[in-house]
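Next come the chains, spelled out residue by residue.
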Amino acid sequence: MLNYDEIKKVDPEIYEAIMNEVERQYHNLELIASENIVSEAVMEAAGSVLTNKYAEGYPYRYSRKTGELKYRLYGRYYGGCEYIDDVERLAIERAKEIFGAEHANVQPHSGSQANMAAYFTVVKPGDTILSLELTHGGHLTHGHPLSFSGNLFNIVAYGVNKDTKQFNYDEIREKAQECKPKMILTGASAYPRTIDFAKFKEIANEVGATLIVDMAHIAGLIAAGLHPNPVPYADIVTTTTHKTLRGPRGGMILCKEKYAQELDKWVFPGVQGGPLEHIIAAKAVAFKEALKDDFKEYQKQIVRNAAALAKALMKRGLNLVSDGTDTHLMLIDLGSEEDGGPSGKKMEGSLDLAGITANKNTVPFDTRPPFVASGIRLGTPAVTTRGMKEQDMDKIAEFIKKVYDNYDNEEKLAEIKKEVQEFTAKFPIFDYLRK
Ligand SMILES: *Cc1c(COP(=O)(O)O)cnc(C)c1O
């Protein structure tokens, strides 16, 4: 069991900040769609002695003659890696088992670095990439000018259909035929609907592009069979491990055998140095948890909770992008400036004053700048980990509606915060850490 007695002695300032964060996570209603609460076992692995070890390279090597991947063939640049090798091999095997992948690289420090290594495996600077527009749910690393992706590649963006706010595959096909991309990228940070990866593969084949799927948000749902798996279709699949998958903060890449060697080279030494083996151990533990039946049940509850929350919000007159969700997340569309009411930024601040944590988000065809935005993104992974069920989603929708109706009334927001904290106290976490 973790305690922070040593930090308390050695560094009281950091200890205090950690304890404050424990209290914040305990009291607040966590609705950020990309966050979760990991198990104690995952935290123990992340806090283990493996942080002391350098292990540049891999626990395997490719045979010069056949190209075959073989374990225990001195694939590391440092000695003393025999136990580290066991850790990384277990993480790799479990990742492959969960998603049915031919090859897994568990070293990426983050989702962004996973994407960088994956892109370099199939495209060169200057090549054309067709990817999802950020304001329609894409990610910064899918081509934003401030990201390496927008700097190095020629990005053409596709979006959602104006009426349905969902992908229209004929429109995407047309875009692909126009721009003839070398690579097509799909996957999203704020798209609430099922993605048809088979359709994307069809389009990629038609224009001779490789297909990369970034399943960062929905990896847990896919692991449990609740969303179609991109692995059979995509050339390369990237993900984070800390969102619905409920592992430590980090990234991972899955790919077809034929990309394995090139991809491994792009992760190390291409974009990273020594792997974080304590985090890889924590990934292995999380993957073991993800192979169990109760993880499947947990993911089902995430989806049921998201459906219940969406319904309860719409019942109270709030608009959702695409009128609902198939996944763990949804977007409240707050309307434009002329409609009156709060912006995304304002609403995020008001929710915060009421003890509810969520983030502002652009909605498709948003008329406000991204830093203000007209939407709020909500997700159910963290509250589901705390044990909340459908009837609790109705209560949460009630809180959000009250905040919406009183978004400029700080006194009222403080009252709501008290109610929220009474509510979250019924779903305790970190009891062993709290004073
Ligand atoms: C979260 C996310 C990432 C990036 O993950 P980091 O670990 O924050 O770098 C990449 N792609 C998508 C679709 C994401 O949602």
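Look up a bit, the structure's there.
Right, let's walk through the structure included here. Being a predicted model, the structure only gives us computed values, none of them experimental.

Scoring rules and cut-offs
- Residues numbered from 1 in each chain as written.
- Predicted model: local features only at pLDDT ≥ 70, side-chain atom pairs only at ≥ 80, totals over all residues.
- Heavy atoms only, no water.
- Core = buried A, V, L, I, M, F, W, Y, C linked by side-chain atoms within 4.5 Å.
- Buried < 20%, exposed > 50% of the residue type's maximum accessible area, 1.4 Å probe, protein only.
- Contact = heavy atoms within 4.5 Å.
- Phe/Tyr/Trp six-rings, centres within 6.5 Å; stacked < 30°, edge-to-face > 60°.
- Helix = DSSP H or I, 4+ residues; strand = E, 2+ residues; numbered from the N terminus.
- Lys NZ or Arg CZ within 6 Å of the ring centre and 35° of its normal.
- Axes fitted to C-alpha atoms, helices over the stretch in contact; angles between N-to-C directions.
- Parallel < 35°, antiparallel > 145°, perpendicular 65-115°, else oblique.
- Left-handed = near helix turned anticlockwise from the far one by under 90°.
- Nonpolar A, V, L, I, M, F, W, Y, C, P; charged D, E, K, R; others polar.
- Near = heavy atom within 4 Å.
- Polar contact = N/O pair within 3.5 Å; in protein donor to acceptor, adjacent residues only side chain to side chain.
- Areas by Shrake-Rupley, 256 points an atom, 1.4 Å probe, with all protein chains shown as cover.
- Pairing = 2+ DSSP bridges.

## Observations regarding the nonpolar core
Link 1 in the chain: Grouped together as the largest cluster of nonpolar side chains are 82 residues, with contacts concentrated most on F99, F167, I184, F200, M215, I236 and L254.
Link 2 in the chain: Ignoring any residue separated from it by four or fewer positions in sequence, one finds M215 in contact with F99, I222, P230, V237, T238, T239 and L254.
Link 3 in the chain: L313, A354, M388 and V403 belong to the second-largest nonpolar core, a separate cluster that totals 32 residues.

## Remarks on the packing of aromatic side chains
Link 1 in the chain: Scanning all chains against the criterion turns up 18 aromatic pairs.
Link 2 in the chain: Ring centres of Y158 and F200 lie 5.7 Å apart, and the angle between their planes is 45°; this geometry places the pair in the tilted category. In this pair, Y158 sits in strand β6 (residues 154-158) while F200 sits in helix α8 (residues 197-207), placing the two residues 42 residues apart along the sequence.
Link 3 in the chain: Among the residues examined, Y158 registers a relative accessible area of 2% and is labelled buried.
Link 4 in the chain: According to the relative accessible area criterion, F200 is buried, its value standing at 0%.
Link 5 in the chain: Three or more aromatic residues joined by ring pairs make a cluster, and in this case those are Y119, F120, F148, F153 and W266.
Link 6 in the chain: Above the ring of F365, the side-chain terminus of K162 is found at 4.5 Å from the ring centroid.
Link 7 in the chain: The cationic tip of K360 hangs over the ring face of F371; the distance from NZ or CZ to the ring centre is 4.4 Å.

## Description of the environment of I400
Link 1 in the chain: For I400, the position within the fold is in helix α15 (residues 390-405).
Link 2 in the chain: Note: C-alpha distance between I400 and I356 (44 residues apart in sequence) is 8.2 Å.
Link 3 in the chain: Apart from the residues within four sequence positions on either side, I400 is in contact with L31, L313, L318, I332, M347, L351, I356 and L378.

## Brief notes about the packing of helix α13 (residues 344-353) against α15
Link 1 in the chain: For the pair α13 and α15, the least separation of the axes is 10 Å and the interaxial angle reads 120°. Classed by the angle they form, the pair α13 and α15 counts as oblique. Handedness of the crossing formed by α13 with α15: right-handed. Of the residues in α15, those in contact with M347, S350 and L351 of α13 are I400, V403 and Y404.
Link 2 in the chain: Among the residues forming the contact of α13 with α15, the class breakdown is five nonpolar, one polar and no charged.

## Quick look at the side chain of T128
Link 1 in the chain: Its place among the elements puts T128 in strand β5 (residues 128-132).
Link 2 in the chain: In this structure T128 touches N154, V156, C179, P181, K182 and M183, once residues within four positions along its chain are discounted.

## Brief notes about the site of the ligand
Link 1 in the chain: What surrounds the ligand is a group of 13 residues, the closest being G111, S112, S189, D214 and K243.
Link 2 in the chain: Between an oxygen atom of the ligand and a side-chain N or O atom of S112, the distance comes to 2.7 Å.
Link 3 in the chain: For the ligand, whose unbound accessible area comes to 390 Å², protein coverage reaches 85%.
Link 4 in the chain: A per-element tally of the shell around the ligand places helix α5 (residues 111-122) first, with three residues.
Link 5 in the chain: Of the residues that constitute the shell around the ligand, the class distribution is two nonpolar, nine polar and two charged.

## Quick word on the pairing of β5
Link 1 in the chain: Buried residues dominate β5, accounting for five of its five residues.
Link 2 in the chain: Side chains T128, L130 and L132 project from β5 onto one buried face, and the interleaved I129 and S131 project onto a second face that is buried too.
Link 3 in the chain: Both β5 and β6 contribute to a ladder of five bridges, which runs parallel. What sits directly across from L130, in β6, is V156.
Link 4 in the chain: The sheet contact formed by β5 and strand β7 (residues 183-186) spans two bridges and is parallel. Across the sheet, L130 pairs through a bridge with I184, a residue of β7.

## Here's the deal with the sheet that holds strand β15 (residues 375-379)
Link 1 in the chain: Taken in spatial order, the four strands make up an open sheet running β11-β12-β15-β14, and their pairing is antiparallel. The open sheet has two free edges, formed respectively by β11 (319-320) and β14 (359-361), since each of these has just one partner strand.
Link 2 in the chain: The strands touched by helix α12 (residues 293-315) are β11, β12 (329-333) and β15; relative to β12, the strand with the most contacts, the crossing angle is about 15°.

Function-wise, these values are silent; they only describe arrangement.
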